[in-house]
Structures are given as C-alpha cells and as structure tokens.
Amino acid sequence: MKIENYIRFYGKSFYWAGKFLEKEVFEDCSTLYAFCRVIDNLVDKKSNSKTNVKKFIKDYQSQNSKIQVNKEFKKIETKYQIPKKYINDLFYGINLDTKTVKIKSTKEIIKYSYYVAGTVGAMMSYIFQTSKPQAIKHAINLGIAMQLTNISRDVLKDAYLNRIYLPENMLNEEITANDIIKKKFNKKNLFLVIKKIIFLSEKYYDNGNIGIKYLPKKVKFPIFLASSLYRGIGKKIFSSSYNRYFLDRTYLNFMEKIIITFKSFYFFFIVNNSYKN
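So what's going on with the overall build of the protein? Residues and values would help.
If you tally the helices and strands in the protein, you get 14 helices and zero strands. Along its sequence from the N terminus, the protein presents helices and strands in the succession α-α-α-α-α-α-α-α-α-α-α-α-α-α. Each principal axis of the C-alpha atoms in the protein carries an extent, and together these give about 50 × 50 × 30 Å. The buried share among the 277 residues of the protein stands at 53%. Expressed as a percentage of contacts within the protein between residues at least 6 apart in sequence, the contacts between residues at least 24 apart total 70%. With an accessible surface of roughly 14,700 Å², the protein has 54% of that area assigned to carbon and sulfur atoms. Taken together, the 49 basic and 23 acidic charged side chains of the protein have centroids lying 1 Å from each other.

Shown next, in the form of structure tokens:
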C-alpha cells in the first residue's frame, strides 16, 4: 500500500479532518500515521508478531533502512527534529502488545495509552512546529483520549487478538478474551465498563483541546475537528444500547461526519473564541 493511502484506508476520521490542513503538513502527518499503522498492523498479526515487530524496529534503527515507510518517516523525523524519546516510547508500547495484555487499573490503561498514542500526539506537535512543553502535554492527552476511544470501540476486535484492555479493577467478573468471543459474559455489565472508559476519555479530550491555543492558526481548526470526530465515536457508543454495541463495530457515517463538521465549525469560529487566541 502507498504511504499516503494508509490514513485514507485506516484513519477515516483523521483523513477527513486532515483535508483542512495545508498539503505539505497533511502529507507529513500521513507519513507519521503510516509509520504507526504499519507497525500496529504487524503486532496485530496472529503469527510471528513479535519477530515482525523486532525486524521493523531493527530496520528503523539501521542507517540504511530498507522498509519504505521507515525511510519516509526518518525524513520527517529529521525535518521536524522529533525527539527519539517519543519514538522509543512508541516502540515500547507496541512491544507490550506482543505479550499477554493485562491491564489492572485505570492508571495502567492511561500509561499504556500514552505509549501507543500519546507519543503520536507529541510527534504531531513537532510536525505542527509547536514544541512548547505545555503544548506537548496537551497533545499527549489528546492522543490518550483517542486511544481510550479505540479501546472502548474495539473490545470485540481485541478479544479475537486475545487482548482485553479494560482494567481489571473496573470489571465485576473475571472474564477472558475467549469468553467475549463466545459471548459467555454479562453484556450489560461489560457495556457499563466500556461507558466508564468513554467517560474517562472526556477528561482527556477536554485537556487535549486546551492545547489547541498553542498551535499555529492554520492548524487549530483541523485538530479541533479531528478531536470532535473521534470524540463523536465515543459519544455514539455511549448513547447506544449494549445489544447494539455487541452487534457491530461503531463508526461515524458520512452524514454524522458532516453534522459534526458543521457543529465544530460553528463552535470553533463563533461560540468559543479561546481556541483562536
């Protein structure tokens, strides 16, 4: 797959919001997205995921990378002087997924979300040429919020990969990935836990959005829109029923994206002036 097509195929909400960015910035964001998506796809393969991830990271660390997405990512890494810390932390998080996933508490789910998504938010900040510490902190929290949305949306999908990211201290019963696959669990109770994760994500969306004021003017609305779209997925789950949730993966349809886009435009440009400052 061409690098520019990863975000179009896998990150439909990001692709939608990204069209409001300048072409060069969007292309560089797409490269970062592709880099993260390729390694995420490797870890999601049921066979040899640990070996494949190790090979990918080794190729990245080589001076003469052979994998195309690594070559392209290293160009933007140099262009924007993205710190190695966030790349290494991302690799650490990806490696966690090659092992047995066991999230015991809310603190652990936030920590995990930082490694696999907060790091991406931080790297995006550098692409947007906003490297102030306070801006990075908010960008990390926005990444965490989006990962919490992913976790709340993908409980069934993750179960087929033998993973449960819902914190054990939130679950009222001992449950395995196989129980979820075979539907041997209390749907109502599990859905309540999923809603708690969505409620938790709201705190991080709020904090992440505060950081928009640190972004360059041309970047502010696209990021607010991306946040609103992804947040909309969580809100759709929250207002759904547990029977409906377990039937299919939740996503935003075309009309829902249009509505959120218009609402975001109205709120951003007319209602709340703080984002424009």
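Run through the nonpolar core, naming residues and quoting values.
Leu32, Phe35, Ile127, Phe128, Leu166, Leu190 and Ile194 are the most contacted members of the largest nonpolar core, which has 93 residues in total. Broken down by element, the residue count for this core peaks at 13 residues, all from helix H7 (residues 106–127). Setting aside anything within four residues of it in sequence, one finds Leu166 in contact with Ile103, Ile151, Val155, Leu171, Leu190, Val193, Ile194 and Ile197.

Account for a positive patch on the surface, naming residues and giving values.
On the surface, a cluster of positive charge is contributed by Lys50, Lys54, Lys58 and Lys99. With respect to the helices and strands, the residue Lys58 is situated in helix H4 (residues 49–61). Judged by relative accessible area, which is 63%, Lys58 ranks as exposed.

Report on the packing of H4 against helix H6 (residues 84–96), specifying residues and quantitative values.
At a minimum axis separation of 11 Å, H4 and H6 run at an interaxial angle of 165 degrees. Viewed along their axes, H4 and H6 adopt a mutual orientation that is roughly antiparallel. Considering the relative orientation of H4 and H6, their crossing is left-handed. Along its contact with H4, which presents Val53, Ile57 and Tyr60, the element H6 presents Lys84, Ile87, Phe91, Ile94 and Asn95. Residue composition of the contact of H4 with H6, grouped by class: six nonpolar, one polar and one charged.

Tell me about helix H8 (residues 133–153), and name the residues and values.
Spanning 21 residues, H8 covers 31 Å between terminal C-alpha atoms, matching the ideal 30 Å at 1.5 Å per step. The buried fraction of H8 amounts to 18 of the 21 residues, a majority that puts the element mostly inside the structure.

How would you summarise the environment of Val69 if you had to cite specific residues and measurements?
With respect to the helices and strands, Val69 occurs in helix H5 (residues 68–80). The spacing of Val69 and Leu32 is 37 residues in sequence and 8.8 Å in space, taken between C-alpha atoms. Setting aside residues up to four positions removed in sequence, Val69 forms contacts with Ile3, Thr31, Ala34, Phe35, Val38 and Phe56.

Can you explain a nonpolar patch on the surface? Please cite residues and give values.
There is a patch of nonpolar side chains on the surface, built from Phe265, Tyr266, Phe267, Phe269, Ile270 and Val271 and spanning about 560 Å² of accessible area. By secondary structure assignment, the location of Tyr266 is in helix H14 (residues 254–271).

Reading the values: the criteria
- Residues numbered from 1 in each chain as written.
- Predicted model: local features only at pLDDT ≥ 70, side-chain atom pairs only at ≥ 80, totals over all residues.
- Heavy atoms only, no water.
- Helix = DSSP H or I, 4+ residues; strand = E, 2+ residues; numbered from the N terminus.
- Buried < 20%, exposed > 50% of the residue type's maximum accessible area, 1.4 Å probe, protein only.
- Contact = heavy atoms within 4.5 Å.
- Areas by Shrake-Rupley, 256 points an atom, 1.4 Å probe, with all protein chains shown as cover.
- Lys, Arg positive; Asp, Glu negative; His and termini not counted.
- Charge placed at Lys NZ, Arg CZ, Asp CG, Glu CD.
- Core = buried A, V, L, I, M, F, W, Y, C linked by side-chain atoms within 4.5 Å.
- Patch = residues over 30% accessible without salt bridge, like charges linked within 9 Å, V, L, I, M, F, W, Y side chains within 5 Å.
- Salt bridge = Lys/Arg side-chain N within 4 Å of Asp/Glu carboxyl O.
- Axes fitted to C-alpha atoms, helices over the stretch in contact; angles between N-to-C directions.
- Parallel < 35°, antiparallel > 145°, perpendicular 65-115°, else oblique.
- Left-handed = near helix turned anticlockwise from the far one by under 90°.
- Nonpolar A, V, L, I, M, F, W, Y, C, P; charged D, E, K, R; others polar.
- Expected span 1.5 Å × (residues − 1).

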